[in-house]
Amino acid sequence: MNGGPVLAVRDATRRYASGDTVVTALDGVSFEVHAGELVAVVGPSGSGKSTLLLIAGLLEPPSAGDVRFHGARVSDPGADLDRLRDFRRRNIGFVFQKANLIPFLTAGENVALAMEIDDVPPRDARRHAERLLDGLGLGSRVGNLPTRLSGGEQQRVAIARALANDPALLLVDEPTAALDGRRGRQVIGLFRRIADERGAAIVVVTHDLRAADHFDRTIELIDGRIVDERGRGG
Ligand SMILES: Nc1ncnc2c1ncn2[C@@H]1O[C@H](COP(=O)(O)OP(=O)(O)OP(=O)(O)O)[C@@H](O)[C@H]1O
Ligand SMILES: [Mg+2]
């Protein structure tokens, strides 16, 4: 690994056809995230935050521009993203706004499944899942089905699942929307710890800047463009 950024998005534009018109969801966005960095993305509804995560996470190609991992170009308008499925699984963790847990699997099984898909032996996967959940304060909930967990607990299971394969990049969309202020700050504090302890590069879309001092940088989007980028305390 070199000392450069984990993720570099370069001049990324994303257009969607919408009936007869074209919506430009992202308009020439460039930014980088280094290992151990925690970056917030803010902006009004419809400003392109989720689109940015989809492109950075290789779930959608940009219409122009490219995405690089450790300096290597992995996505551009011609990229075949299906072929990147294994790369994505090994390198990127996603936490979506809704936890999207599999309802008939327990918390532990939801987390272990992410590793079993990656050929980790089931018993090792289960043990690692328990350790991850324990580290997120859910040691006593490993055997619970999602319906037997609170909204915040489900979210933490989704975070554990995203961490299961120890990704270099973690992309998180609106983790605190469903949480009250104290819980929301705890979740952001948790991402701070994950960035510090695992050296993960983390991008968090959030409306909630009450925990702003945890972020290394904040990127503000309006109409698909970065209008402001400021560091801690700036
Ligand atoms: N699949 C799609 N097809 C057409 N238009 C889309 C599509 N996805 C997003 N858009 C449009 O692109 C723009 C940016 O959407 P995006 O979901 O990135 O916004 P956002 O900043 O995440 O908003 P929110 O805070 O409401 O989640 C919006 O105008 C949206 O309507
Ligand atoms: Mg969104």
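Reading the values: rules and limits
- Residues numbered from 1 in each chain as written.
- Chains lettered and ligands numbered in written order.
- Predicted model: local features only at pLDDT ≥ 70, side-chain atom pairs only at ≥ 80, totals over all residues.
- Heavy atoms only, no water.
- Core = buried A, V, L, I, M, F, W, Y, C linked by side-chain atoms within 4.5 Å.
- Buried < 20%, exposed > 50% of the residue type's maximum accessible area, 1.4 Å probe, protein only.
- Helix = DSSP H or I, 4+ residues; strand = E, 2+ residues; numbered from the N terminus.
- Contact = heavy atoms within 4.5 Å.
- Salt bridge = Lys/Arg side-chain N within 4 Å of Asp/Glu carboxyl O.
- Axes fitted to C-alpha atoms, helices over the stretch in contact; angles between N-to-C directions.
- Parallel < 35°, antiparallel > 145°, perpendicular 65-115°, else oblique.
- Left-handed = near helix turned anticlockwise from the far one by under 90°.
- Nonpolar A, V, L, I, M, F, W, Y, C, P; charged D, E, K, R; others polar.
- Pairing = 2+ DSSP bridges.
- Near = heavy atom within 4 Å.
- Polar contact = N/O pair within 3.5 Å; in protein donor to acceptor, adjacent residues only side chain to side chain.
- Areas by Shrake-Rupley, 256 points an atom, 1.4 Å probe, with all protein chains shown as cover.

Focus: the nonpolar core
Counting residues in hydrophobic clusters, the biggest one holds 38 residues, and the most contacted among them are Val-111, Ile-159, Phe-191 and Ile-202. Breaking this core down by element, the ones donating at least two residues are strand E3 (38–42), helix H3 (107–116), helix H4 (122–135), helix H5 (151–163), strand E7 (169–173), helix H6 (181–198) and strand E8 (201–205). Leaving out residues up to four positions away in the same chain, Ile-202 has contacts with Val-33, Glu-37, Leu-38, Val-39, Leu-170, Val-172, Phe-191, Ile-194 and Ala-195. Counting 29 residues, the second largest nonpolar core, distinct from the first, contains Ala-56, Val-74, Val-203 and Val-205.

Some details on the pattern of salt bridges
Taken as a whole, this structure holds 17 salt bridges when the rule is applied. Residue Glu-37 is joined to Arg-217 by a salt bridge in which the shortest nitrogen-to-oxygen separation is 3.0 Å. Linking Glu-37 in the loop between strand E2 (21–33) and E3 with Arg-217 in strand E9 (residues 217–222), this pair joins segments that are 180 residues apart in sequence. Looking at Glu-37, the relative accessible area reads 17%, which means it is buried. With its nearest N and O atoms 3.5 Å apart, the salt bridge here joins Arg-73 to Asp-76. On the accessibility criterion, Asp-76 (22% relative accessible area) is partly exposed. Overlapping salt bridges, with partners in common, bring together Asp-66, Arg-68, Arg-73 and Asp-76 in one network.

Looking at the packing of H3 against H4
The geometry of H3 relative to H4 is characterised by a closest axis approach of 8 Å and an angle of 125 degrees between their N-to-C directions. The angle between H3 and H4 falls in the class oblique. Between H3 and H4 lies a crossing whose hand is right-handed. Here Ala-107, Gly-108, Val-111, Ala-112, Met-115 and Glu-116 of H3 come into contact with H4, specifically with Pro-122, Ala-125, Arg-126, His-128, Ala-129, Leu-132 and Leu-133. Grouping the constituent residues of the contact of H3 with H4 by class yields 9 nonpolar, 2 polar and 2 charged.

Considerations on the sheet that holds strand E4 (residues 64–69)
Strand pairs in the sheet, formed through backbone hydrogen bonds, run parallel or antiparallel to each other. The 4 strands are arranged E2-E1-E4-E5 in an open sheet whose pairing can be described as antiparallel. The open sheet terminates on both sides in strands that have one partner only, identified here as E2 and strand E5 (72–75). Taken over all neighbouring pairs, the strand axes of this sheet differ in orientation by 35 degrees on average, direction set aside. As paired strands, strand E1 (residues 7–18) and E4 are joined by 5 bridges and run antiparallel to one another.

Quick word on the sheet that holds E9
In spatial order, the strands read E6-E7-E8-E3-E9-E10; together these 6 strands make up an open sheet with mixed pairing. The open sheet terminates on both sides in strands that have one partner only, identified here as strand E6 (92–95) and strand E10 (225–231). Direction aside, neighbouring strands of the sheet carry axes that sit 15 degrees apart on average. The pairing of E7 with E8 spans 5 bridges and is parallel. Within E8, the residue paired with Asp-173 across the bridge is Val-205. Most of the contacts of helix H1 (residues 49–56) go to E7, to which it runs at about 155 degrees, and overall it touches E3, E6, E7, E8 and E9. Against the sheet, H5 contacts E6 and E7, and its axis sits at roughly 170 degrees relative to E6.

Re the site of ligand 1
In the vicinity of ligand 1, the contacting residues are Tyr-16, Val-23, Ala-25, Pro-44, Ser-45, Gly-46, Ser-47, Gly-48, Lys-49, Ser-50, Thr-51 and His-207. Gly-48 is positioned such that a nitrogen or oxygen atom in its backbone is 3.0 Å from an oxygen atom of ligand 1. Between Lys-49 and ligand 1, the recorded distance is 2.7 Å, taken from a side-chain N or O atom to an oxygen atom. Protein burial of ligand 1: of its 640 Å² of free accessible surface, 62% is covered by the chains.

Regarding unusual backbone geometry
Residues other than glycine seldom take positive phi values, yet Asn-100 does so here, at roughly 50 degrees. Its place among the elements puts Asn-100 in the loop between E6 and H3.

Focus on the pairing of E6
Side-chain alternation along E6 places Ile-92 and Phe-94 on one buried face and Gly-93 and Val-95 on a second face that is also buried. Pairing geometry for E6 and E7, over 4 bridges, is parallel. For Phe-94, the partnering residue across the bridge sits in E7 and is Leu-171.

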